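Observations on chain architecture
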Amino acid sequence: ILLHSNSPWCCYDSETEVLTKRGFVLFKDVLPDDEIKTLNPATMQAEWQFSTDDLIVYALEDEELISIQSQTVDLFVTPNHNLFLGHKVNVYDMVWNIESAEASYGDPDTYVVTMERDQPVIAHSENFYSKAKYTGNVYCLTVPNHLMLVRRNGKTCFCGNSSGYGVMTKNL
């Protein structure tokens, strides 16, 4: 675990959990040998992967984070955190993007990937965005697929890597 101040990366708050083979654990409790449930964006299949870097912890004081709330999503992340969001382009087609929370701020009508019976499932998400000040640790983890299954307040979704990945587009 590496402890820093001033987060240049994209991070999760202290209440967010990630799915490991040990079950859902808070980011602060992730072990170096934990396998993380990830989503392969090319195949939209779930896979187990090891993180590629140490867990990085940033201590924030009175910093602005973005809260995203819906019937399927509960996230509290740094503005530069990567989200995996689907946007319908017509009745049959959807485009998936990895985009920052700041860039997607206010987009009320998106789709997310969650898990049901150990299978990825696309869910409609009517998001409510807000900004709030946060003091505490935020946690950064990186996996090769750039997407990991996270949970906050009982709501799960595949969400972006902590390290910068840029924008990725996937047509379905």
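What comes next concerns the included structure. (Residues numbered from 1 in each chain as written. Predicted model: local features only at pLDDT ≥ 70, side-chain atom pairs only at ≥ 80, totals over all residues. Heavy atoms only, no water.)

1. Structural notes on unusual backbone geometry
Phi is positive for Asp-62, which is not a glycine, with a value near 55 degrees. Following the sequence through the fold, Asp-62 ends up in strand β6 (residues 56-69). A relative accessible area of 47% places Asp-62 in the partly exposed class. Phi is positive for His-146, close to 70 degrees, though the residue is something other than glycine. Assignment of secondary structure puts His-146 in the loop between β12 (128-140) and β13 (147-152). (Helix = DSSP H or I, 4+ residues; strand = E, 2+ residues; numbered from the N terminus. Buried < 20%, exposed > 50% of the residue type's maximum accessible area, 1.4 Å probe, protein only.)

2. Overview of empty space enclosed by the protein
Taken as a whole and judged by the stated rule, the model has 1 cavity of 30 Å³ or more. Approximately 70 Å³ is the volume found for the largest cavity. Considering the residues around the largest cavity, the lining is formed by 14 residues, among which Val-73, Leu-75, Leu-85, Val-112 and Cys-157 are closest to the centre. For the lining of the largest cavity, the elements supplying multiple residues, two or more each, are β8 (82-88), β10 (109-116) and β14 (155-160). In the lining of the largest cavity, the residues fall into 11 nonpolar, 3 polar and no charged. (1 Å grid on protein atoms, 1.4 Å probe; cavity = no way out; pocket = protein on both sides within 12 Å on 5 of 7 lines; lining within 4 Å. Points joined across faces, edges and corners; volume = space filled by probe spheres on them. Nonpolar A, V, L, I, M, F, W, Y, C, P; charged D, E, K, R; others polar.)

3. Side note on the nonpolar core
If you look at the biggest cluster of nonpolar residues, it comprises 26 residues, and the most contacted ones within it are Phe-27, Leu-75, Met-148 and Val-150. With 3 residues, the top contributor of residues to this core is β6. Every residue in contact with Leu-75, bar those within four places of it in the chain, is listed here: Ile-66, Ser-67, Ile-68, Gln-69, Leu-83, Val-150, Arg-152, Cys-157 and Cys-159. One finds Leu-19, Ile-98, Tyr-111 and Phe-158 within the second-largest nonpolar core, a separate group that totals 13 residues. (Core = buried A, V, L, I, M, F, W, Y, C linked by side-chain atoms within 4.5 Å. Contact = heavy atoms within 4.5 Å.)

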